[in-house]
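# Chain and residue survey
Chain by chain, the residues run as shown.
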Amino acid sequence: MIEVAQVSKSYGKIQALTNIEFTIDKGSCFGLVGPNGAGKSTLMKILAGILRHFEGDVVVDRFSVAKEKQAVKQLIGYIPQELCLEETLTARDNLLLFGRLYGLSGKNLNNRIDNVLEKIGLTERSKDTVLDFSGGMKRRLNIGCALLHDPAIVIMDEPTVGIDPQSRNSIFSIIEQLKADGSTIIYSSHYMEEVEQLCDRIGLIDKGVLLENGTMNRLMEKYGTPSLYVSGDTIEAEHLHPYQIAPKGEGYLVSDAEPLATLEKLLVRFRELGLQPRRLELYYPKLEDIFFQLTGTKLRDN
Ligand SMILES: Nc1ncnc2c1ncn2[C@@H]1O[C@H](COP(=O)(O)OP(=O)(O)OP(=O)(O)O)[C@@H](O)[C@H]1O
């Protein structure tokens, strides 16, 4: 169990985190979602015991991050957003280097390296220098470096930024395997769909404030009232009067307290007017829409 209690952090005049509070159950996968600059990396570094000066505390399995950093570091594998590899060395030698940093040596270290290479799918390439690796392979090796001491908790800071879909899928497979092995995972991303797919609980963060935190089901119960989605070449805003509408994609979202009844009414109306909708369906909000409801801003520019 991880307990984050009233954590705040400022860099000079920049308030990066304000009174963050939440808990993460053992063996669960917690997703932290927010736009660039929201405070995700800062929070990840505090959880991993890397940032020294902050207010509040984080308790990891009885150990205080503020007071017992070394004990916490043994429990945690932290994968930073930036690649942290020695590119002129082979994959195996990079793992050797990191293993020694964790205090591992000899046969035990070699066994752990074999195990990790298999987990990250790089056994065949272990003797190649990292310079010859693709971006996705480097990312996987970066993950492997944090798994050598077999941590109970794995913290991943935006591990899929800037990589191709295939590499992204292999990172997802590594995460699924870690989950199956019972690891606790903390995963940050500004890709909502990744977090929706991987995580049991989700925290939405913006401007250093944790806006919401809960299971996807709970968030849906609270914010997930469905609306209607209508599109079609001949369907214009005037045909949807007096309902509240918002343009979305090639059509409109129609908000109403009783979407099913509205769907029936619109069907009748379209038939009378001789209009042919291409789509007329219930639209359940995604995490992206919930974030927009809470902040009035989109997570990403594109
Ligand atoms: N070392 C630092 N010195 C000064 N300001 C910092 C430092 N690190 C982060 N910040 C600021 O703190 C705020 C939160 O940054 P942080 O990197 O934690 O956000 P993030 O959600 O991880 O964003 P990104 O996805 O871009 O990495 C930002 O305003 C950032 O500019």
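Residues numbered from 1 in each chain as written. Predicted model: local features only at pLDDT ≥ 70, side-chain atom pairs only at ≥ 80, totals over all residues. Heavy atoms only, no water.

## Examining the packing of aromatic side chains
One pass over the structure, following the stated rule, counts 1 aromatic pair. Aromatic pair Phe 22 and Phe 30: ring centres 4.6 Å apart, planes at 10°, arrangement stacked. With respect to class, Phe 22 is no different from Phe 30; both count as buried. A cation over a ring is seen here: Arg 62 above Phe 63, with NZ or CZ 5.0 Å from the ring centre. (Phe/Tyr/Trp six-rings, centres within 6.5 Å; stacked < 30°, edge-to-face > 60°. Buried < 20%, exposed > 50% of the residue type's maximum accessible area, 1.4 Å probe, protein only. Lys NZ or Arg CZ within 6 Å of the ring centre and 35° of its normal.)

## Focus on the sheet that holds strand E2 (residues 14-24)
With antiparallel pairing, 4 strands are arranged side by side in an open sheet as E2-E1-E4-E5. Bordering the open sheet on either side are E2 and strand E5 (63-64), each of which pairs with just one other strand. Sheet analysis places strand E1 (residues 2-11) next to strand E4 (residues 55-60), joined by 5 bridges and oriented antiparallel. Within the sheet, the bridge partner assigned to Ser 8 lies in E4 and is Glu 55. (Pairing = 2+ DSSP bridges. Helix = DSSP H or I, 4+ residues; strand = E, 2+ residues; numbered from the N terminus.)

## Side note on unusual backbone geometry
Cis geometry is found at the peptide bond from His 241 to Pro 242, where omega equals 5°. In this fold, Pro 242 is placed in the loop between strand E11 (227-231) and strand E12 (244-248). Located in the positive-phi region is Arg 62, a residue other than glycine, with phi close to 80°. Among the secondary structure elements, Arg 62 is positioned in the loop between E4 and E5.

## Topic: the site of the ligand
In the vicinity of the ligand, 13 residues are found, and the nearest of them are Gly 37, Lys 40, Ser 41, Thr 42 and Glu 158. Within the contact set of the ligand, an oxygen atom lies 3.0 Å away from a backbone nitrogen or oxygen of Ala 38. At 2.5 Å from an oxygen atom of the ligand is found a side-chain nitrogen or oxygen belonging to Thr 42. Burial of the ligand by the protein chains amounts to 62% of its free accessible area of 630 Å². At the level of secondary structure, the elements contributing two or more residues to the shell around the ligand comprise E2 and helix H1 (40-47). When residues of the shell around the ligand are assigned to their parent elements, the largest contribution, 3 residues, is made by H1. Tallied by class, residues from the shell around the ligand come to 5 nonpolar, 6 polar and 2 charged. (Near = heavy atom within 4 Å. Polar contact = N/O pair within 3.5 Å; in protein donor to acceptor, adjacent residues only side chain to side chain. Areas by Shrake-Rupley, 256 points an atom, 1.4 Å probe, with all protein chains shown as cover. Nonpolar A, V, L, I, M, F, W, Y, C, P; charged D, E, K, R; others polar.)

## Thoughts on the pairing of strand E10 (residues 209-215)
In this sheet, E10 lies alongside strand E9 (residues 201-206) in antiparallel orientation, the contact comprising 6 bridges. The residue bridging Leu 204 from the neighbouring strand is Glu 212, located in E10. The hairpin formed by E9 and E10 contains 2 residues between the paired strands, and Lys 207 there has a positive phi angle of roughly 50°.

## Examining the nonpolar core
Grouped together as the largest cluster of nonpolar side chains are 46 residues, with contacts concentrated most on Leu 95, Leu 141, Met 156, Tyr 187, Ile 202, Leu 204 and Leu 287. Ranked by residue count, the leading element in this core is helix H6 (residues 165-180), at 5 residues. Leave out the neighbours within four places in its chain, and Met 156 touches Met 44, Ile 79, Ile 143, Ile 175, Leu 178, Ile 186, Tyr 187 and Ser 188. Residues Leu 32, Ala 38, Leu 51 and Val 65 belong to the second largest nonpolar core, which totals 29 residues. (Core = buried A, V, L, I, M, F, W, Y, C linked by side-chain atoms within 4.5 Å. Contact = heavy atoms within 4.5 Å.)

## Regarding the sheet that holds E11
Strand order across the open sheet formed by 4 strands is E12-E13-E11-E14, with antiparallel pairing between neighbours. The open sheet has two free edges, formed respectively by E12 and strand E14 (279-283), since each of these has just one partner strand. In this sheet, neighbouring strand axes are inclined to one another by 25° on average, regardless of whether the strands run parallel or antiparallel. Relative to strand E13 (residues 251-255), E12 runs antiparallel, the two sharing 5 bridges. Its bridge partner being in E13, Lys 248 is matched across the sheet by Gly 251. Here helix H9 (residues 259-273) sits on the sheet and contacts E11 and E14; the angle it forms with E14, its principal contact strand, is near 170°. (Axes fitted to C-alpha atoms, helices over the stretch in contact; angles between N-to-C directions.)

## Focus on the confidence of the model for the protein
Per-chain confidence: the protein averages 92 in pLDDT, with 99% of residues scoring 70 or above. Scoring of the predicted complex yields 0.86 for pTM and 0.97 for ipTM. (pLDDT = per-residue confidence, 0-100.)

## Let's talk about a nonpolar patch on the surface
The grouping of Leu 260, Leu 282 and Tyr 284 at the surface amounts to a nonpolar patch, some 300 Å² of accessible area in total. Among the structural elements, Tyr 284 can be located in the loop between E14 and helix H10 (287-295). We classify Tyr 284 as partly exposed; its relative accessible area is 47%. (Patch = residues over 30% accessible without salt bridge, like charges linked within 9 Å, V, L, I, M, F, W, Y side chains within 5 Å. Salt bridge = Lys/Arg side-chain N within 4 Å of Asp/Glu carboxyl O.)

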